[in-house]
Every structure is written in structure tokens, then in C-alpha cells.
Amino acid sequence: MFGEGEGYLDGMNFLFLTDSIAWQQTQTPKGTCLESVKIAIDTGYRHIDGAFVYFNEHEVGQAIREKIAEGRIKREDIFYCGKLWNTCHPPELVRPTLEKTLKILQLDYVDLYIIELPMAFKPGDAIYPRDENGKFIYHETDLCATWEAMEACKDAGLAKSIGVSNFNRRQLEMILNKPGLKHKPVSNQVECHPYFTQPKLLEFCRQHDIVIVGYSPLGTSRDETVNVSSPPLLKDTVLNAIGKKYNKTAAQIALRFNIQRGVVVIPKSFNPQRIRENFQIFDFSLTEKEMKEIEALNKNVRYVELLM
Ligand code: A2P
């Protein structure tokens, strides 16, 4: 169902929940992420999407280790995705940054390591470095050099696969056309849901065997960090009407739509009932007509504007 990448995301028909609201360094209440990941694993989720800047990787790692100790899963059943933050693009920082993540997780490797954003911030302790006027301090980045450092992490066995996030076609081409490319990105994690379906990027990625992983597949929590000019996705009348036919919620229809078109989804939830609900999408299929109806909902407007 999914692109072949380097074989790593193949058949990855488990969803996941991402675990935080990174944008404003909002830390999740202690233990919430631990409990949610454990419930998710018990429910059947295997793909866990995290990041250093979610500040809860220690809880994700603990949840995975506890479930392994219980005998419920083996390490190789889990697919953990970690992310290289904007302040760590200089090639010499890439491996130490991943090693730091592994130390926090207390794991030997991540299954996927991705460049979180194509632009860089000034390296240093500040996650969001700002000048005296409150403006972000950017840093020049050579994405090809950063990519070579990512390749070295894969060669060293610290990451089984490597990919990117929030890359547009031009930025993907920069990597794909890099002289001496050793490993191409297996995935590109971008916003993707019925109001922002990404038809062109999806087609380009399909042609290059790059899996699209869709974040905010439920239309986000609509907090103050996002653009809410589009109405709430889950109130959509088409999604709700189709849901009624299958006895499913609008959320389940939105997720099913994406997986049925080969997009991996990573719905975030800290609510046990909704974590389970978001997994109940493998017992029905949408018709071609319904897929087209949902595709036609595309507004080409992002919720997550990344105004950095
Ligand atoms: P909660 O964590 O309380 O469940 P996205 O994945 O698009 O960023 O959406 C995340 C938001 O959607 C969170 O606010 C989450 O809240 C909420 N959410 C997750 N699953 C569902 C669901 N099945 N129905 C409604 N809201 C959901």
C-alpha cells in the first residue's frame, strides 16, 4: 500500500499518535505521554512519532521499554521516528544530537530519523533563539551537507532509515539530485488531511518512492499557534455523512481517507477512548466515489503555517 522507500515503511498500516505540542515548548503534564503510549501499544499502534523538542522522549522510551519487559512487544515491533531540530543542522552536530535522543529514549537505534524542518536556527542551547527584537535567529544551512551527516547515522546503525519533514518539492529535489547520494529520503512528513490533501507533492513523492506521513490528520487541536481560517475539519458535513453510513466518526473517516490513498497518518491523542477510536479504521473501506468526494473538500489552506 505504501511506497517502497528503502523498504522500511512498507506495509506500515499502523497509525500513531504524535506526542506533543512542540511549537511553544508546552510540556505535556508528567506521565501523560507515558500512559498514552502504553495505551496506544496495547491498542495495537506500532508507529510512534516523537521528537526531542516535544520534551517527552524519555516517557516514550520508558513506555516502549515497559511494554517490552511485559513481553507484549519486541523492540523490532516498534517503529520509532525521531527528529533533528533546527538548531542542529550543522553536519558535526547531527550524530551527537541523535545520540542524545537515543540516550533519552534509552534505545540503541531509532527506526526513522528525519530533518524536522528545512530551515535552521542558530546552534546553541536555546531551542528557539531570538534576537533583542524577539525575532528568530536563523542560521545558514546546507541541506545536502546535513543530509550526508544523516546518511552517516544510518550507516552507523543509529537510524534504520532517514527522511525529512516539511520539505517542498524543490528541497526534496536538492537531496535527490545531490551528487554521490547514498540513501534517499524514505519519507516526507507534512500536513495532510481532507482540507489540505497535498495532491502535487503526493504525486511527486509517489514517483520517487517517498512515503508521505501526514501530520495533523484530524485538523489539529486548533490552539493559538495555528491558522483557524478553515473551519474545524471534524465538523465537516461530508465526513460526518459518510461516517454515519459506516457507523464511524468524522475522525475515523478522515484517517481512513488518508491511509486508503497511501498516506501514513499520525493522529495525536492523549485521550484513551480517542486513541482507541483512531485505531478502528481497518474494518471498512471507502468507495471510489466517497474518496473523490473527500478529495474535493481540499481547500489548499494549511492549519499549521510554520511562520518561523
Ligand atoms: P485529545 O488529545 O484530547 O484526544 P491532530 O492529530 O490533527 O493534530 O489532532 C489532534 C487533536 O485532535 C487533539 O486536540 C486531540 O485531542 C484531538 N483528537 C484526537 N483524536 C480525536 C478524535 N477521534 N475525535 C476528536 N478529536 C480527536
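Residues numbered from 1 in each chain as written. Predicted model: local features only at pLDDT ≥ 70, side-chain atom pairs only at ≥ 80, totals over all residues. Heavy atoms only, no water.

- Going by the annotation in an unreviewed UniProt entry, the name recorded for the protein is Aldo-keto reductase family 1 member D1, with Nothoprocta perdicaria given as the source organism.

1. Considerations on the environment of Ile39
- Tracing the sequence through the fold places Ile39 in helix α1 (residues 32-43).
- Its relative accessible area of 19% is what places Ile39 among the buried residues.
- With sequence-adjacent residues up to four places away left out, Ile39 is seen in contact with Pro272, Ile275 and Arg276. (Helix = DSSP H or I, 4+ residues; strand = E, 2+ residues; numbered from the N terminus. Buried < 20%, exposed > 50% of the residue type's maximum accessible area, 1.4 Å probe, protein only. Contact = heavy atoms within 4.5 Å.)

2. A word on the site of the ligand
- In the neighbourhood of the ligand, 16 residues make up the surrounding shell, with Leu218, Lys268, Ser269, Arg274 and Asn278 lying closest.
- One nitrogen or oxygen atom from the main chain of Thr220 is found 2.9 Å from an oxygen atom belonging to the ligand.
- Within the backbone of Phe270, one N or O atom sits 2.9 Å away from an oxygen atom of the ligand.
- Contact with the protein chains covers 79% of the free accessible surface of the ligand, which is 570 Å².
- Among the residues forming the shell around the ligand, the class breakdown is six nonpolar, seven polar and three charged. (Near = heavy atom within 4 Å. Polar contact = N/O pair within 3.5 Å; in protein donor to acceptor, adjacent residues only side chain to side chain. Areas by Shrake-Rupley, 256 points an atom, 1.4 Å probe, with all protein chains shown as cover. Nonpolar A, V, L, I, M, F, W, Y, C, P; charged D, E, K, R; others polar.)

3. Some details on the packing of helix α3 (residues 91-105) against helix α4 (residues 143-155)
- Here α3 crosses α4 at 35 degrees, and the two axes come no closer than 8 Å. Crossing of α3 against α4: the hand is right-handed. Residues Pro91, Val94, Arg95 and Leu98 of α3 touch α4, and the partners they reach there are Ala145, Thr146, Ala149, Met150 and Cys153.
- A per-class count over the contact of α3 with α4 returns seven nonpolar, one polar and one charged. (Axes fitted to C-alpha atoms, helices over the stretch in contact; angles between N-to-C directions. Left-handed = near helix turned anticlockwise from the far one by under 90°.)

4. Here we look at the UniProt feature "active site" (unreviewed entry) in the protein
- Here, UniProt's "active site" (unreviewed entry) annotation points to Tyr54.
- Mapped onto the elements of the fold, Tyr54 is located in the loop between β1 (47-49) and α2 (57-69).
- Since its relative accessible area comes to 9%, Tyr54 is described here as buried. (UniProt positions renumbered as here; feature names shortened; annotations may be inferred.)

5. Observations concerning the sheet that holds strand β2 (residues 79-84)
- Spatially, β1-β2-β3-β6-β7-β8-β9 is the arrangement adopted by the seven strands of the open sheet, whose pairing is parallel. With partners counted over all chains shown, the strands left at the sheet margins are β1 and β9 (264-265), one partner each.
- Here two bridges tie strand β8 (residues 211-215) to β9, and the two strands are oriented parallel to one another. Among the inter-strand pairings, Gly214 is bridged to a residue of β9, identified as Val265. (Pairing = 2+ DSSP bridges.)

6. Quick look at the nonpolar core
- One finds Ile48, Val60, Leu98, Val110, Tyr113, Met150 and Leu172 to be the most contacted residues of the largest nonpolar core, which totals 43 residues.
- Take this core: its biggest share by element is five residues, from α4.
- Listed in part, the 28 residues of the second largest apolar core include Ile242, Ile253, Val264 and Ile266. (Core = buried A, V, L, I, M, F, W, Y, C linked by side-chain atoms within 4.5 Å.)

7. A few points about α4
- Between its first and last C-alpha atoms α4 spans 18 Å; for 13 residues at 1.5 Å apiece the expected length is 18 Å, and the two agree.
- For α4, the set of buried residues is Leu143, Cys144, Thr146, Trp147, Ala149, Met150, Glu151, Cys153 and Lys154.
- On its buried face, α4 is in contact with β2, α3, β3 (110-115), β6 (159-165) and α5 (169-176). (Expected span 1.5 Å × (residues − 1).)

8. Quick notes on unusual backbone geometry
- Positive phi, normally seen in glycine, also occurs at Gln198, with a value near 60 degrees.
- Notably, Ser216 is not glycine yet its phi reads approximately 50 degrees, a positive angle.
- One can find Ser216 in the loop between β8 and α7 (237-246).

9. Focus on the packing of aromatic side chains
- Per the stated rule, a full pass over the model turns up 10 aromatic pairs.
- The interplanar angle of 45 degrees and the centroid separation of 5.2 Å between the aromatic rings of Tyr246 and Phe284 together place this pair among those described as tilted. Taken together, the positions of Tyr246 in helix α7 and Phe284 in the loop between α9 (272-277) and α10 (288-295) put the pair 38 residues apart, joining distant regions of the chain. Just as Tyr246 is buried, Phe284 falls in that class too.
- The rings of Trp85, Phe121, Tyr128, Phe136 and Tyr138 are connected pair by pair, giving a single aromatic cluster. (Phe/Tyr/Trp six-rings, centres within 6.5 Å; stacked < 30°, edge-to-face > 60°.)

10. Here we look at the packing of α5 against helix α6 (residues 199-207)
- Where α5 contacts α6, the two axes come as close as 11 Å, and the packing angle between them is 15 degrees. Overall, the two elements α5 and α6 adopt an arrangement that is roughly parallel. Two packed elements cross with a definite hand, and for α5 against α6 that hand is left-handed. Where α5 approaches α6, its residues Arg169, Leu172, Glu173 and Leu176 are matched on the opposing element by Leu201, Phe204 and Cys205.
- Class assignment of the residues belonging to the contact of α5 with α6 gives a composition of five nonpolar, no polar and two charged. (Parallel < 35°, antiparallel > 145°, perpendicular 65-115°, else oblique.)

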